[in-house]
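What follows is each chain in one-letter form.
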Amino acid sequence: MENIKVLILYYSLGGGTGKLAVEVAKGAEEVEGTEVQIKRIPEIIPEEAFEKDQKLKEIRDRSAEFQNQFAIATVDDLIQAHGVAFGTPVHFGSFASQVKQFIDQLSPAWVKGQLVNKPASVFCVSGSLHGGEELTLNLGMVPVGIPYPIQGEGPEFDGGSPYGAIYINKGKGLSEDDKKVARILGHRLAVMSHLLNCDCEKCNDCHSLVKKPH
Ligand SMILES: Cc1cc2nc3c(=O)[nH]c(=O)nc-3n(C[C@H](O)[C@H](O)[C@H](O)COP(=O)(O)O)c2cc1C
């Protein structure tokens with residue numbers, strides 16, 4: 001069987017969400033036979049807005065070299081992937097409009113049922129605790145989160161949430177706990193992508209159930 005493709009799809013203005021995307025990708029890569037790609041959701045803020053606001057431009061430009069290593073995603077990348085992790089910064093208590101704009105291009109794929117039963121995870125970066133990380137999304141995909149026991153690793157453990165990987169950006173970079181949760185999320189997403197696309201004879205029955213949405 002072909003490799004299982006896991007797509008890490010993210011938008012980031014300042015690079016923080018990109019850093020978390022790298023950790024999610026590392027977790028997915030731990031699962032043998034998984035082809036992992038990180039791709040960026042394109043910017044929709046007009047260039048003139050960056051030219052007018054030098055602070056905004058600085059934030060973007062600081063991480064440009066890091067971010068440019070990842071290609072811009074197309075809707076087709078999402079359709080081709082067996083599993084997807086969506087990454088977003090928190091903007092005004094919600095996910096970034098760039099991500100929404102990308103999602104809003106999915107209606108032809110949605111009508112054809114091309115996203116149904118794909119496992120999907122979310123990860124996000126906020127500037128403060130409870131800055132809006134609770135928001136999640138669902139397109140008929142299968143949400144893959146992180147179970148509570150991982151969150152309860154001890155009193156010092158301070159990363160993620162059961163919804164997905166979360167990084168509260170205090171300007172000091174990702175902590176080891178942040179990285180750990182992101183990797184666990186990527187790993188779980190890759191495992192679920194394998195399971196939901198398994199073609200082995202033994203589980204052909206359950207495989208056909210998964211392939212039929214109704
Ligand atoms: C337009 C805008 C709105 C934001 N709104 C929030 C918010 O509501 N809550 C919050 O905790 N952080 C907010 N932030 C801070 C970002 O979530 C935070 O800086 C994050 O690290 C950005 O991720 P990035 O580096 O991937 O762009 C906002 C930032 C911007 C640019």
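Preceding block: the structure.
Residues numbered from 1 in each chain as written. Predicted model: local features only at pLDDT ≥ 70, side-chain atom pairs only at ≥ 80, totals over all residues. Heavy atoms only, no water.

What is the right way to look at the overall build of the protein chain in this model?
Looking only at helices and strands, one finds 10 helices and seven strands in the protein chain. Put simply, the protein chain has 214 residues, and 43% of those count as buried. At a minimum sequence separation of 6, the contacts of the protein chain that also span at least 24 residues come to 75%. Counting only carbon and sulfur atoms, one obtains 54% of the accessible surface of the protein chain, whose full area is about 11,500 Å². (Helix = DSSP H or I, 4+ residues; strand = E, 2+ residues; numbered from the N terminus. Buried < 20%, exposed > 50% of the residue type's maximum accessible area, 1.4 Å probe, protein only. Contact = heavy atoms within 4.5 Å. Areas by Shrake-Rupley, 256 points an atom, 1.4 Å probe, with all protein chains shown as cover.)

Where do I start with the packing of helix α1 (residues 16–29) against helix α9 (residues 176–196) in this structure?
Each pair of packed helices can be summarised by the angle the axes make with each other and by the distance between the axes. Running from N to C, α1 and α9 cross one another at 50°; their axes reach a closest spacing of 6 Å. Of the possible angle classes, the one that applies to α1 and α9 is oblique. By crossing handedness, the relation of α1 to α9 is classed as right-handed. Contacts from L20, E23, V24, K26, G27 and A28 in α1 reach D178, K179, A182, R183, G186, H187 and A190 in α9. Of the residues that constitute the contact of α1 with α9, the class distribution is five nonpolar, three polar and five charged. (Axes fitted to C-alpha atoms, helices over the stretch in contact; angles between N-to-C directions. Parallel < 35°, antiparallel > 145°, perpendicular 65-115°, else oblique. Left-handed = near helix turned anticlockwise from the far one by under 90°. Nonpolar A, V, L, I, M, F, W, Y, C, P; charged D, E, K, R; others polar.)

Looking at this model, I keep getting lost on the pairing of strand β2 (residues 34–40). Mind explaining?
On a regular strand, one side chain projects to one face of the sheet and the next to the other, so that they alternate. Across the seven residues of β2, five count as buried, placing the element largely inside the fold. Looking at chain direction, strand β1 (residues 4–10) and β2 are connected through seven bridges and run parallel. Counted as the bridge partner of I8 is I38 from β2. (Pairing = 2+ DSSP bridges.)

How do you make sense of the site of the ligand when you look at a structure like this?
Neighbouring the ligand are 17 residues; S12, G14, T17, V90 and F92 lie closest to it. Take G14: an N or O atom from its main chain is 2.8 Å from an oxygen atom of the ligand. The contact in question runs from an oxygen atom of the ligand to an N or O atom on the backbone of V125, over 3.4 Å. Protein burial of the ligand: of its 640 Å² of free accessible surface, 75% is covered by the chains. (Near = heavy atom within 4 Å. Polar contact = N/O pair within 3.5 Å; in protein donor to acceptor, adjacent residues only side chain to side chain.)

Would you mind showing me how to read the packing of aromatic side chains here?
Any aromatic ring pair is given by two values, namely how distant the centres are and how the planes are angled relative to each other. Under the counting rule described, the total for this entry stands at two aromatic pairs. Considering the side-chain rings of Y10 and F70, the 6.1 Å spacing of their centres and the 85° angle between planes classify their relative orientation as edge-to-face. Taken together, the residues Y10 in strand β1 and F70 in the loop between α4 (64–68) and α5 (75–80) connect sequence positions 60 residues apart. A centroid spacing of 5.6 Å and a plane angle of 90° characterise the contact between F66 and F70, whose relative ring orientation is edge-to-face. Note on F66: relative accessible area 21%, which makes it partly exposed. The structure contains a cluster of three or more aromatic residues connected by ring pairs, namely Y10, F66 and F70. K19 extends its terminal NZ or CZ atom over the ring of F66, reaching a point 5.0 Å from the ring centre. We note R60 situated over the ring of F50; from NZ or CZ to the ring centre the distance is 4.1 Å. (Phe/Tyr/Trp six-rings, centres within 6.5 Å; stacked < 30°, edge-to-face > 60°. Lys NZ or Arg CZ within 6 Å of the ring centre and 35° of its normal.)

It is not clear to me how the pattern of salt bridges should be interpreted in this structure. Could you clarify?
Pairing between side chains becomes possible if they bear opposite charge and their charged atoms approach one another. A full pass over the atoms with the stated rule returns eight salt bridges. Here D104 ties to K100 by a salt bridge, and the two come within 2.9 Å at their closest N and O atoms. Overall, D104 belongs to the partly exposed group, its relative accessible area being 46%. Looking at K100, the relative accessible area reads 40%, which means it is partly exposed. The residue E176 makes a salt bridge to K179 at a minimum N-O spacing of 3.7 Å. A residue pair is termed a helical-turn pair when its members lie 3 or 4 positions apart in one helix, as E176 and K179 do in helix α9 at three residues. (Salt bridge = Lys/Arg side-chain N within 4 Å of Asp/Glu carboxyl O.)

Distances and angles like these do not, on their own, reveal function.
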